[in-house]
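Architecture and fold: a report
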Amino acid sequence: MTQEGRRRGRDETEEERADRMWGELIQEVRVAQTGVQILFGFLLTVVFQPKYAQLADIDQAIYIVTVVLGACATGALIGPVSLHRLVSGRRVKPQAVRLASRMTFVGLVLLLATMTASLLLILRVATHDSYVPYLVAAVVAWYLVCWYGLPLWARRRHTARSDD
């Protein structure tokens with residue numbers, strides 16, 4: 001109990017907490033998986049378009065990097081599902097949740113890189129203008145604010161301090 005007589009947190013065992021956190025993590029992964037799989041699917045079709053051969057060497061290189069990043073993001077975001085399937089029933093859920101959470105975080109960073117490279121390629125091909133890197137940087141800054149800045153701010157601002 002706190003000084004005000006109110007409980008903080010949940011009254012749950014480590015296993016119950018792991019079960020809850022696993023459910024929350026899987027819901028988050030479903031959202032990210034869908035986005036990365038759709039993006040990756042579209043990326044895979046580009047190379048089969050007649051216009052691909054007309055791309056400048058640098059744009060083809062950006063495309064290849066983008067596809068590899070998309071493949072890595074897909075792997076990292078599908079990884080928690082495979083992890084769960086392989087360790088299910090082994091009484092290691094708390095450890096599996098921590099590992100799956102790390103894979104998901106890596107997957108989101110790779111998704112950020114994939115989206116950045118995709119945007120760079122598309123805008124380079126669409127406009128050929130010198131402002132493209134600045135526009136891409138602005139969008140990446142927006143992603144960083146939305147995906148990491150605001151969540152980290154909220155965590156810092158609203159997390160109970162141990163000295164309370």
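For the structure, check the block above.
Described below are features of the structure shown in this document. (Residues numbered from 1 in each chain as written. Predicted model: local features only at pLDDT ≥ 70, side-chain atom pairs only at ≥ 80, totals over all residues. Heavy atoms only, no water.)

If you tally the helices and strands in the protein chain, you get 4 helices and 0 strands. In the protein chain, the succession of helices and strands from N to C terminus is α-α-α-α. In terms of principal-axis extent, the alpha carbons of the protein chain reach across some 70 × 35 × 15 Å. Burial status across the protein chain gives 27% buried among its 164 residues. Taking the contacts inside the protein chain whose residues are at least 6 apart along the sequence as the reference set, 73% of them involve residues at least 24 apart. If you sum the accessible surface of the protein chain, you get close to 11400 Å²; carbon and sulfur atoms cover 61% of it. (Helix = DSSP H or I, 4+ residues; strand = E, 2+ residues; numbered from the N terminus. Buried < 20%, exposed > 50% of the residue type's maximum accessible area, 1.4 Å probe, protein only. Contact = heavy atoms within 4.5 Å. Areas by Shrake-Rupley, 256 points an atom, 1.4 Å probe, with all protein chains shown as cover.)

Moving on to the packing of helix α1 (residues 14-46) against helix α3 (residues 93-127). As a packed pair, α1 and α3 sit with axes 9 Å apart at the nearest point and diverge in direction by 25 degrees. It follows that α1 is roughly parallel to α3 by the angle criterion. For the element pair α1 and α3, the recorded crossing hand is left-handed. Between α1, through Glu14, Glu15, Ala18, Asp19, Met21, Trp22, Leu25, Val29, Ala32, Val36, Leu39 and Leu43, and α3, the contact on the second element is made entirely by Lys93, Pro94, Ala96, Val97, Ala100, Ser101, Thr104, Leu108, Leu111, Thr114, Met115 and Ser118. Tallied by class, residues from the contact of α1 with α3 come to 16 nonpolar, 4 polar and 4 charged. (Axes fitted to C-alpha atoms, helices over the stretch in contact; angles between N-to-C directions. Parallel < 35°, antiparallel > 145°, perpendicular 65-115°, else oblique. Left-handed = near helix turned anticlockwise from the far one by under 90°. Nonpolar A, V, L, I, M, F, W, Y, C, P; charged D, E, K, R; others polar.)

With that settled, consider helix α4 (residues 132-158). Over its 27 residues, α4 runs 37 Å from end to end, which matches the ideal 39 Å to within 8%, given 1.5 Å per residue. Val145 marks the point of greatest bend in α4, at about 40 degrees. Among all positions of α4, only Val132, Val136, Val140, Tyr143 and Tyr148 are buried. Considering only its buried residues, α4 is in contact with α3. (Expected span 1.5 Å × (residues − 1). Bend = angle between axes of the 7 residues up to and from the residue.)

Tracing the sequence through the fold places Gln33 in helix α1. Apart from residues lying up to four places away in sequence, Gln33 is in contact with Leu77, Ile78 and Val81.

With that out of the way, let us pick up a nonpolar patch on the surface. Together, Trp142, Val145, Leu150 and Trp153 give the surface a local cluster of nonpolar side chains, amounting to about 460 Å² of exposed area. In this structure, Leu150 sits in helix α4. (Patch = residues over 30% accessible without salt bridge, like charges linked within 9 Å, V, L, I, M, F, W, Y side chains within 5 Å. Salt bridge = Lys/Arg side-chain N within 4 Å of Asp/Glu carboxyl O.)

Before going further, it helps to spend a moment on the side chain of Thr104. Mapped onto the elements, Thr104 comes out in helix α3. Here Thr104 is in contact with Leu25, Val29, Ala76, Leu77 and Pro80, once residues within four sequence places are set aside.

Glancing now at the environment of Ser118. On the secondary structure map, Ser118 appears in helix α3. Given a relative accessible area of 7%, Ser118 falls into the buried group. For the pair formed by Ser118 and Gly70, sequence separation is 48 residues and the distance between their alpha carbons is 9.4 Å. With residues up to four places along the chain from it excluded, the contact list for Ser118 reads Leu39, Leu43 and Thr66. Polar contacts involving the side chain of Ser118 include one to the main-chain carbonyl oxygen of Thr114, which spans 2.8 Å. (Polar contact = N/O pair within 3.5 Å; in protein donor to acceptor, adjacent residues only side chain to side chain.)

The tally for this structure, following the rule as stated, stands at 4 salt bridges. With its nearest N and O atoms 2.7 Å apart, the salt bridge here joins Glu12 to Arg20. Arg20 serves as the salt-bridge partner of Glu24, at 3.3 Å between the closest nitrogen and oxygen. Pair noted here: Glu24 and Arg20 are both in helix α1, with a separation of 4 residues, about one helical turn. Linked by salt bridges that have partners in common, Glu12, Arg20 and Glu24 make up one network.

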